[in-house]
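Observations on chain architecture
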Amino acid sequence: MASEPTIEDYYIEDRTFPPSPEFTAAALVNDRSLYDEAEADLEAFWARQARELVTWDQDFSTVLEWDLPFAKWFADGKLNVSYNCLDRHVEAGRGDKVAYYWEGEPGDKLTLTYSDLLTEVKKFANVLKGLGLEKGDRVAIYMPMIPELPIAMLACTRIGVAHSVIFGGFSPDAITDRCEDAEAKLIITADAGYRRGAPSGLKVNVDAALESGATCVEHVVVVNRCDTDVTMTSGRDHWWHEIMADASDDCPAEPMDAEQLLYLLYTSGTTAKPKGIMHTTGGYLTQVAFTHKYTFDMKPDEDIYWCAADIGWVTGHSYIVYGPLTNGCTGVMYEGTPDTPGQDRLWDIVERYRVTQLYTAPTAIRTFMKWGVQEPQKHDLSSLRVLGTVGEPINPEAWMWYHEHIGGSSAPIVDTWWQTETGGHMITPLPGVTTTKPGSACFAIPGVTAELVDDNGDPVTKGGGYLTITKPWPSMLRGIWGDPERYRETYWSAYEGRYFAGDGAKLDEDGYLWLLGRVDDVMNVSGHRISTTEVESALVDHPAVAEAAVVGAADDTTGQAIIGYTILRGGNEATEELREEVRQHVSTKLGAIARPKAVFLVDDLPKTRSGKIMRRLLRDVAEGRDLGDTTTLADAGVVEAIREGADTAEED
Ligand code: WTA
């Protein structure tokens, strides 16, 4: 594991931003009592949150069973997620409250109340039952950001079926792999979704995926979103609107064990094969409800909350669907891209719905910076009172821009560090309490214990180290689907008794945490995790490629950009066409988000004497940096040759 941080100069930052006295006075949390309570008795703290924020069909008698690294939270408790997200709000007389203001990219709108959602969820749960799905089964979901997506997820939770949402940007191969690994019996999709003003096909990818494998999939349910032509396979494929037309809306929520599998979400690690991260019911719901409420200072009666992520990623699972709905909030859901029809689309939405909390990613903020302040200035953003960021370290310039131009220099910024594996926020300011510093995620939340360690696993109290979590937390992953050993090995073996997150961080003299990025072979491109190994496998899958190395190079907008170096098999000529073909091949294999920004065709790759590719050098070349020490290289000349090639090769 390479230990160099990718972003070095962060914590020279010494500006501080305390919440305003007015904000603090009105905030849900304005002192350290939650921290103190959690520190005094972690289990009692989470038990109180679980009982306060979640409704249980059967109360739990144990809080945590910990058999390192396997945790069970609230094990003998029973609850239903869709009941917590929907029925209980309706039963309490809040059925007419808006759950989502949904807006499609072309501008079509739909307002869904909690009652509306509940009816649709019950009906779709009956559809699933009708298609033979039973508690314990898995279904895959490959959909655009339309209301049917949360409806499908919640319907699964109602009957104990685990969903596996596959991001709409993934390729047919990725769908096949994920469906096969999860043994999904059914896929829910749409004909297409709107992206940048035009329909982007989804069903066609599902068809291709099912042609090449995933024989476990028996049925496909298709939402007609864009009215595009699709091929429907008789007996296998069903239109959502047709199958829903006859569905009964009588479907009681079934109480589930707290540790019932809620969902799988595949994420990249250091190996070529994405891992199915497992999240279960009671602990997950508790922590996402807790963090959604306190990180964003949510006041469900007043606030209009908007998480502008995609539900295909964990941020959307926890903070568009499960956290906000458990808390009975009103949220905005938007289908498309932020530059359609204009570069002020987000700000237009904020103004029209009077959004109070906005949650987005540093890569988006840097893009908005590039587009210019005139875009947000066209709109009244004064409703915004808390701003969130997630997905990668936020550079202080982007933080300041967000603060000044979006937050009117007053809205607290919560920089939330967490992962697919952690399920919910782990390190973040609390907006009414924490004095923030631009670029720091500040402190672990109440109930979470983070610590930096050095190479030997000894705690670091100041300076750089590896970020570890020292105690189990309710929304932690319960394992990797089908591979308990890999779970132990990946997360719990680097430092004894500690969860190792894969991130480097620094602690400053005031105890603030500054995340520095991944220290493993995982790249972070526009806030998306992509494994170098996965892209390398896709490159060598091309018949002309003999060997490949991939690195993430610093990029002003996307955080990191994927750069591939490939050696061609004999008989292939290094042409511009071939270079582009190889680059596109990754797109076909993995999806457009994994397509390298540039691919270089080289004669050789720099390797250590033991034959390991020196990715650090390749990254330095890609970033145009000085090469530093190359004495461990088997053939130092290789680097020079690569650098010359890189200087002349065109990027697009
Ligand atoms: C990175 C996204 C710095 C980190 C929720 C982590 C961050 C990976 C932050 C998880 C942040 C996420 N500051 N880095 N606020 N948030 N990361 O699984 O490297 O898609 O390990 O989950 O994103 O990415 P994932």
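Just above sits the structure.
Residues numbered from 1 in each chain as written. Predicted model: local features only at pLDDT ≥ 70, side-chain atom pairs only at ≥ 80, totals over all residues. Heavy atoms only, no water.

**Observations concerning the overall build of the protein chain**
When you go through the protein chain residue by residue, the secondary structure sums to 20 helices and 31 strands. Radius of gyration (C-alpha) of the protein chain: 24 Å, near the 26 Å computed for a compact globule of 652 residues. With the C-alpha coordinates aligned to their principal axes, the bounding extent of the protein chain is approximately 75 × 65 × 55 Å. Expressed as a percentage of its 652 residues, the buried residues of the protein chain come to 61%. (Helix = DSSP H or I, 4+ residues; strand = E, 2+ residues; numbered from the N terminus. Rg over C-alpha atoms; globule rule 2.2 N^0.38 Å. Buried < 20%, exposed > 50% of the residue type's maximum accessible area, 1.4 Å probe, protein only.)

**A word on the pattern of salt bridges**
Summed over all chains, the structure comprises 39 salt bridges. The shortest N-O distance in the salt bridge between R616 and D620 comes to 3.6 Å. Taken as a pair, R616 and D620 lie in helix 19 (residues 615-622) at a separation of four residues, close to a single helical turn. On the basis of relative accessible area, R616 is assigned to the partly exposed category, the value being 29%. (Salt bridge = Lys/Arg side-chain N within 4 Å of Asp/Glu carboxyl O.)

**Remarks on the packing of helix 17 (residues 532-540) against helix 18 (residues 576-590)**
Where helix 17 contacts helix 18, the two axes come as close as 8 Å, and the packing angle between them is 115°. For the crossing formed where helix 17 meets helix 18, the hand is right-handed. In contact with E534, V535, A538 and L539 of helix 17, helix 18 contributes V582, H585, V586, K589 and L590. (Axes fitted to C-alpha atoms, helices over the stretch in contact; angles between N-to-C directions. Left-handed = near helix turned anticlockwise from the far one by under 90°. Contact = heavy atoms within 4.5 Å.)

**As for the sheet that holds strand 21 (residues 450-453)**
In sheet architecture, strand pairing relies on hydrogen bonds along the backbone and comes in two forms, parallel and antiparallel. Taking strand neighbours across the sheet as the criterion, the five strands line up as 22-21-23-25-26 in an open arrangement whose pairing is antiparallel. A single partner strand is all that each edge strand has here, and the edge strands are strand 22 (459-460) and strand 26 (513-518). Strand direction decides the pairing type here: strand 25 (residues 499-507) and strand 26, joined by five bridges, are antiparallel. What sits directly across from A505, in strand 26, is L515. (Pairing = 2+ DSSP bridges.)

**Focus: the site of the ligand**
Taken together, the neighbourhood of the ligand is formed by 17 residues, with D415, T416, T420, D503 and R529 sitting nearest. Note that a nitrogen atom of the ligand is positioned 2.8 Å from one of the backbone N or O atoms of T416. Side-chain polar atom of T420 to an oxygen atom of the ligand: 2.6 Å apart, as the coordinates give it. The protein chains hide 97% of the 520 Å² of surface that the ligand would expose on its own. Of all the secondary-structure elements, those providing two or more residues to the shell around the ligand are helix 11 (314-326), strand 20 (413-416) and strand 26. (Near = heavy atom within 4 Å. Polar contact = N/O pair within 3.5 Å; in protein donor to acceptor, adjacent residues only side chain to side chain. Areas by Shrake-Rupley, 256 points an atom, 1.4 Å probe, with all protein chains shown as cover.)

**Observations concerning the sheet that holds strand 15 (residues 275-280)**
With mixed pairing, the eight strands of this open sheet are ordered in space as 12-11-8-6-7-14-15-24. The sheet is open, and its two edges are formed by strand 12 (237-239) and strand 24 (479-480), each paired on a single side. The sheet contact formed by strand 7 (residues 162-165) and strand 14 (residues 261-267) spans two bridges and is parallel. Directly across from S164, in strand 14, lies its bridge partner L264.

**Side note on the side chain of D415**
When you line up the elements, D415 lands in strand 20. It is R366 that comes nearest to the buried, bridge-free D415 among opposite-charge side chains, at 10 Å. (Lys, Arg positive; Asp, Glu negative; His and termini not counted.)

**Examining the packing of helix 10 (residues 282-295) against helix 11**
Packing of helix 10 against helix 11 leaves a shortest axis separation of 8 Å and a crossing angle of 90°. In terms of orientation, helix 10 lies roughly perpendicular with respect to helix 11. Taking contact as the criterion, the partners of Y284, L285, V288, A289, T291 and H292 in helix 10 are, on helix 11, H317, S318, Y319, Y322, G323, P324 and T326. Residue classes in the contact of helix 10 with helix 11 are distributed as seven nonpolar, six polar and no charged. (Parallel < 35°, antiparallel > 145°, perpendicular 65-115°, else oblique. Nonpolar A, V, L, I, M, F, W, Y, C, P; charged D, E, K, R; others polar.)

**Some words on the environment of I187**
Position of I187 among the secondary structure elements: in strand 8 (residues 186-190). The class of I187 is buried, set by a relative accessible area of 1%. Measuring from C-alpha to C-alpha, the distance between I187 and A140 comes to 4.6 Å, with 47 residues separating the pair along the chain. For I187, the contacting residues outside a window of four places in its chain are A140, Y142, I175, C179, V206, L210, V217, H219, V220 and V221.

**Digging into the pairing of strand 26**
Counted residue by residue, strand 26 has six buried out of six residues, so it is predominantly covered. Here strand 25 folds back onto strand 26, and the loop between the two strands holds five residues, one of which, G511, carries a positive phi near 85°.

**Details of the packing of aromatic side chains**
All told, the structure shown has 36 aromatic pairs when counted by the stated rule. Arranged with centres 4.6 Å apart and planes meeting at 50°, the rings of F443 and Y512 form a pair that is tilted. Here F443 is found in the loop between strand 20 and strand 21, whereas its partner Y512 is found in the loop between strand 25 and strand 26, with 69 residues between them in sequence. Of the residues examined, F443 reaches a relative accessible area of 26% and is grouped as partly exposed. (Phe/Tyr/Trp six-rings, centres within 6.5 Å; stacked < 30°, edge-to-face > 60°.)

**Focus: the state of the cysteines**
Note: disulfide means a covalent bond formed between the sulfur atoms of two cysteine side chains. Summed over all chains, the structure comprises zero disulfides. Among the cysteines around C179, which has no disulfide bond, C216 carries the closest sulfur, lying 6.2 Å off. The thiol sulfur of C329 is not disulfide-bonded, and the nearest other cysteine sulfur, from C85, lies at 11 Å. (Disulfide = S-S within 2.5 Å.)

**Thoughts on helix 13 (residues 362-371)**
Counting buried positions along helix 13 yields eight of 10 residues, so the element is predominantly enclosed. When helix 13 is considered as a whole, its buried residues turn out to be P362, T363, A364, I365, R366, T367, F368 and W371. On the buried face of helix 13, the contacting elements are helix 12 (345-353), strand 18 (357-360), helix 14 (374-377), strand 19 (386-390), helix 15 (396-406) and strand 30 (559-568). Just past helix 13, the residue G372 takes up positive phi, approximately 105°.

**A look at the nonpolar core**
In terms of nonpolar packing, the biggest core is built from 135 residues, with F124, I188 and Y322 touching the most fellow members. For I188, the residues in contact, after removing those within four places along its chain, are F124, V139, A140, I141, Y142, M143, A152, V221 and W240. Among the nonpolar cores identified, the runner-up in size contains 27 residues, and L346, L381, L387 and I394 belong to it. (Core = buried A, V, L, I, M, F, W, Y, C linked by side-chain atoms within 4.5 Å.)

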